[in-house]
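Understanding the architecture of this molecule
The residues making up each chain are set out below.
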Amino acid sequence: MGRDGAGARERKRHGRHYTPATLAGFLAGRVAERIDVPGQGVRVLDPACGSGELLFAIRDALAARLPGTSVELVGYDLDPAGLSLARRRAAEAGVDAEWRQSDFLADCAGLPGESFDAVIANPPYVRTQQLGGVTAQALRGQFGLRGRFDLTHPFVAALPRLLVPGGVLGLLCANRFLTTKAGANLRAVLLADLTPVELYDLGDTKLFEAAVLPAVTIAVRGGARGNCRYASVYEDDPGGPTGPESAAGGALAEVADSAHRPDSARGGPVADPDLFAALRGADGATVWRHGRRFTVAVGELATETGPADTSVGWRMSRVGHDDWLRGVSRQMWRTFGELGRIRVGIKTNADKVFIAAHWGDPATEPELLCDLITHHDLRPWRIERSRATRVLYPYDLTRTRRVPVDLARYPRTAAYLEQHREVLAARAYLTGAGRKWFEHWVPQRPHLWRVPKVVFPDISDRPRFALDRSGAVVNGDCYWISLADLGGDGGAEDMACLMMGVANSALGLRYYDAMCGNRLYSGRRRWITQYVSRLPLPDPGTSVAAAIVHRVRAFAEEPEPGAAAQAELDALVYRSFALSGDQPAL
């Protein structure tokens, strides 16, 4: 497909992101390594083949590994342009393949007589809300899916029964399924009907045009469960506690492309410059790619909590790494999630109407305008308002439940909202749920805004947990914990300070990376409920915990602490878990 704006929008709408040749070759090579030599050749399916890149790659990989073996290729796709290109490429290369312009999900139930030795797939990535309610509900029923999902899930759910016993699945999809609640459907399929044998989290290497970060999964139908190899690669943060040594679990080999490696880093022995060779290697490595340094970590899929419990995200298990986690667990008093509810901020679903830095006078009654905290305002420990953003919040702030105001009492606000009625009323999902046309989609509990709270951004490269006593509303790009859930008294503020002390510490960041491991591009992390709820707290009754609280109270009132003060706090947090901060890095 073309690279113009219209083509890009079309790709996004249908989830079409064709696989680059280098990535296709890596995936195909891993699949080919797992295929046993059958007596009657190899039959391979791609259920969303696009221009055929994966099928051409698996043909080449099988020719190299199993020379002389006949290979039958079958490709499905709805896109006529992609299939036309696939046919042309096949004709030019002398490749015999069957190209089916059809909806694989509609056809898969009618393929009882077909079976394949391998399936290689990069399914379309389309979220539930883009599919539409009727289509999403039909797919849930057809493939036994639960909750939120994307189109990857029904594609993968359809595949196991099309594989012969011992058949191999090679899957390229968004790495979100590894750690998020929404990925539980996919994890369940991979564990119930298949045996994962290799996982590759390709992180922020930008090997793919899609905005999502990719992962490669190799799984086999049937066979005894054993260790599943797990490798990941992310851009290195040389200044943080999760730098190259911590991520790989020991001494690192250095893999570099000398054409892109900074001059200051040259001079030592250079291994194979291929990133994929590093991912296949037995040990961790530092990889230079296009002037950026990445850390390759190698371990196994953790099994001590499952991974049969598919509600819990998967993580990598490594020698030393797991011992450190067990040390934290032994001293853990509670988790954040056990102590208090972690809420997302408001979601108006019409921000241009409800949120502004400058409100005209008399646009609305001032008592309905509330200060709004966004991710721009958050520093570790404190709120620093970077802009005077306010939100029109049409709810009774004295009520414990969402109760919209009576617009008859607020004529200016009523007139302002009426000007935008067409936009607001178009949110049919809101009115369809019995809500008033001028409400927010997620307003949260109005009375809690006036209570002090811990606030932190949804996306940030570092933890930025801050204490807010201003009574401001929290925006949907942040999460918050109300002190009302922690007791609401002076002890609640002490507990909030202890939580911030752990979350903003080196140990907290290290624990997050070990247990959650969900990073975006450029080292940014998602600080969402399911991850933050797992952060550990030490016993608040100890003298070390009291010292942490004392320091955090000072940090929340004074200018941001310097490196020395932060290092002292880090040491206290490590002590609170009976660990040494200068122990060997993971």
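Residues numbered from 1 in each chain as written. Predicted model: local features only at pLDDT ≥ 70, side-chain atom pairs only at ≥ 80, totals over all residues. Heavy atoms only, no water.

Right, let's get into the overall build of the protein chain. A tally of helices and strands in the protein chain yields 22 helices and 24 strands. Across the 586 residues of the protein chain, 55% fall into the buried class. Long-range contacts, defined as pairs at least 24 residues apart, comprise 73% of the intrachain contacts of the protein chain with a sequence gap of at least 6. Of the roughly 25,100 Å² of accessible surface on the protein chain, 50% is carried by carbon and sulfur atoms. (Helix = DSSP H or I, 4+ residues; strand = E, 2+ residues; numbered from the N terminus. Buried < 20%, exposed > 50% of the residue type's maximum accessible area, 1.4 Å probe, protein only. Contact = heavy atoms within 4.5 Å. Areas by Shrake-Rupley, 256 points an atom, 1.4 Å probe, with all protein chains shown as cover.)

With that settled, the discussion passes to the pattern of salt bridges. Throughout the structure, instances matching the rule amount to 27 salt bridges. When the shortest N-O distance is used, the salt bridge between Asp-323 and Arg-326 registers 2.6 Å. In this pair, Asp-323 and Arg-326 are both assigned in helix α12 (residues 321-331), three residues apart and thus about one turn of the helix distant. Close ionic contact of Arg-382 with Glu-384 constitutes a salt bridge, the shortest N to O distance being 2.5 Å. (Salt bridge = Lys/Arg side-chain N within 4 Å of Asp/Glu carboxyl O.)

Let's shift gears to helix α15 (residues 411-419). Because an α-helix completes one turn every 3.6 residues, residues spaced three or four positions apart along the sequence face the same direction. Among the residues of α15, Thr-413, Tyr-416 and Leu-417 are the ones counted as buried. Buried positions in α15, seen along its axis, are confined to an arc of 95° and lie on one side of it. Across from the buried face of α15, at angles greater than 90 degrees, the exposed residues are Pro-411 and Gln-419. Looking at the buried positions of α15, the neighbouring elements they touch are α14 (351-354), β17 (390-392) and α16 (421-425). (Arc of directions from axis to C-beta.)

It is worth spelling out the packing of helix α21 (residues 543-557) against helix α22 (residues 563-576) at this point. Geometry of a packed helix pair, given as the angle between the helix axes and the separation of the axes. Where α21 contacts α22, the axes come no closer than 9 Å and their chain directions differ by 155°. Classified by the interaxial angle, the pair formed by α21 and α22 is roughly antiparallel. The two elements α21 and α22 cross, and the hand of that crossing is left-handed. Across the interface between the two elements, Val-544, Ala-547, Ile-548, Arg-551, Val-552 and Phe-555 from α21 touch Ala-565, Glu-568, Leu-569, Leu-572, Val-573, Arg-575 and Ser-576 from α22. A per-class count over the contact of α21 with α22 returns nine nonpolar, one polar and three charged. (Axes fitted to C-alpha atoms, helices over the stretch in contact; angles between N-to-C directions. Parallel < 35°, antiparallel > 145°, perpendicular 65-115°, else oblique. Left-handed = near helix turned anticlockwise from the far one by under 90°. Nonpolar A, V, L, I, M, F, W, Y, C, P; charged D, E, K, R; others polar.)

Let us now look at the environment of Asp-60. Within the fold, Asp-60 resides in helix α3 (residues 53-65). C-alpha separation for the pair Asp-60 and Gly-29, spaced 31 residues apart in sequence, amounts to 8.8 Å.

In this structure, Asp-458 sits in the loop between β18 (453-457) and β19 (459-460). In this structure Asp-458 comes out as buried when scored by relative accessible area, which is 13%. A polar contact of 2.7 Å, which involves the side chain of Asp-458, links it to the side chain of Arg-526. When sequence neighbours within four positions are dropped, the list of residues in contact with Asp-458 reads Asp-477, Cys-478, Tyr-479, Arg-525, Arg-526, Trp-527 and Ile-528. (Polar contact = N/O pair within 3.5 Å; in protein donor to acceptor, adjacent residues only side chain to side chain.)

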